[in-house]
Amino acid sequence: MTLVRAKKHLGQHFLTDKNIASKIVESLRPADKYKQVLEVGPGMGILSDFLLQKTEYETFLIDIDTESYTFLKKKYPNLGERLINADFLELDFKAKFDSQMAVIGNFPYNISSQILFKILDHRDQVHEVVGMFQKEVAERCASKPGSKEYGILSVFLQAYYKVEYLFTVKAGVFNPPPKVLSAVIRLTRNETAGLGCDEKLFWQVVKAGFNQRRKTLRNAVSSLINKEKMVDNKTLDLRAERLSVADFVKLTNEIAQNRQA
């Protein structure tokens, strides 16, 4: 079969190392939590080869690239409707999957944040994620309060998932090689059904805090707070990067209470 050309506008860098591909697939831990796995951007199927050997779950592939789709259709003729030619960011999870599921992939780096926010939107269905990201993004996802990498993605992901940085991947195992290092992380859904606060306000507070991360929260979130009622709130004298998820939840509740007072 004719090989698929990597397309720059799709952010494609095809993994060529089968040992790393196997290691990524083995990082999935289905147990009794899910029976369906969706691979995003399979390219020429280096991860798919290992995924489709597994009997403990059913593997689906989705690729927006019609050239990849045509290639994979010939390579895996029995996949049928489990091979999807569509944009992952537009996928209706509930229509396609009937239970808890996992998402895996060597994700296109140019839309990696969008992929993670899509997963957050479907956090009650996506139990686990194992993915290859640009190392900088992977570090951001897994970073802890107080570090310079800690940001909006860190807080939102860690609110709903346990985030583990698994291993670093060098550029030479891709075709074409990216200009950056890569890393694999695993997200596992935690027990949090709700954060115990107004979650819409929580998202607003976190975004506002990090959008002006050099300012104290008192200045960064000034449009969201009752300034007179919260003049003595010491948390507002900190920068966003100092607050844990629990701290942001507490602050969100304090902001909500003082708005109503």
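For clarity, every value in this text was computed on a predicted model and none was experimentally measured.

Draft legend 1. Structural detail: the UniProt feature "domain: Ribosomal RNA adenine methylase transferase N-terminal" (unreviewed entry) in the chain. Here the UniProt feature "domain: Ribosomal RNA adenine methylase transferase N-terminal" (unreviewed entry) sits at residues 20-191. In residues 20-191, helix accounts for 31% and strand for 27%; the two terminal C-alpha atoms are 30 Å from one another.

Draft legend 2. Structural detail: the pattern of salt bridges. According to the stated counting rule, one finds 13 salt bridges in the structure shown. Between arginine 218 and aspartate 237 there is a salt bridge, and its shortest N-O distance comes to 3.1 Å. With a gap of 19 residues between them, arginine 218 in helix H9 (residues 217-220) and aspartate 237 in the loop between H9 and helix H10 (245-260) connect regions that are remote in the sequence. Under the relative-accessibility criterion, arginine 218 is labelled partly exposed at 22%. By relative accessible area, which is 42% here, aspartate 237 ends up partly exposed. The network of salt bridges with common partners includes Arg29, Glu128, Glu164 and Arg186.

Draft legend 3. Local environment of the UniProt feature "binding site: S-adenosyl-L-methionine" (unreviewed entry) in the chain. Taking the UniProt record as the reference, the feature "binding site: S-adenosyl-L-methionine" (unreviewed entry) is found at His13, Leu15, Gly41, Asp63, Asp87 and Asn106. With respect to the secondary-structure elements, histidine 13 resides in the segment before strand E1 (14-15). Contact partners of histidine 13, with chain neighbours within four places excluded, come to Asn106, Phe174, Asn175, Pro176, Pro177 and Pro178. You can see leucine 15 is positioned in strand E1. Ignoring any residue separated from it by four or fewer positions in sequence, one finds leucine 15 in contact with Ile20, Ala21, Ile24, Ile46, Leu47, Asn106, Met132, Val173 and Phe174.

Draft legend 4. Molecular detail of the sheet that holds strand E2 (residues 36-40). A sheet is described by the order of its strands in space; here seven strands give the open sequence E4-E3-E2-E5-E6-E9-E7, paired in mixed fashion. Looking at which strands have only one partner, the edges of the open sheet turn out to be strand E4 (83-84) and strand E7 (161-169). Pairing between E2 and strand E5 (residues 101-106): five bridges, direction parallel. Along E5, the bridge assignment pairs leucine 38 with valine 103. Together, E7 and strand E9 (182-189) form the strand contacts of helix H7 (residues 152-160), whose direction differs from that of E7 by roughly 120 degrees.

So, how was this worked out
- Residues numbered from 1 in each chain as written.
- Predicted model: local features only at pLDDT ≥ 70, side-chain atom pairs only at ≥ 80, totals over all residues.
- Heavy atoms only, no water.
- UniProt positions renumbered as here; feature names shortened; annotations may be inferred.
- Helix = DSSP H or I, 4+ residues; strand = E, 2+ residues; numbered from the N terminus.
- Salt bridge = Lys/Arg side-chain N within 4 Å of Asp/Glu carboxyl O.
- Buried < 20%, exposed > 50% of the residue type's maximum accessible area, 1.4 Å probe, protein only.
- Contact = heavy atoms within 4.5 Å.
- Pairing = 2+ DSSP bridges.
- Axes fitted to C-alpha atoms, helices over the stretch in contact; angles between N-to-C directions.

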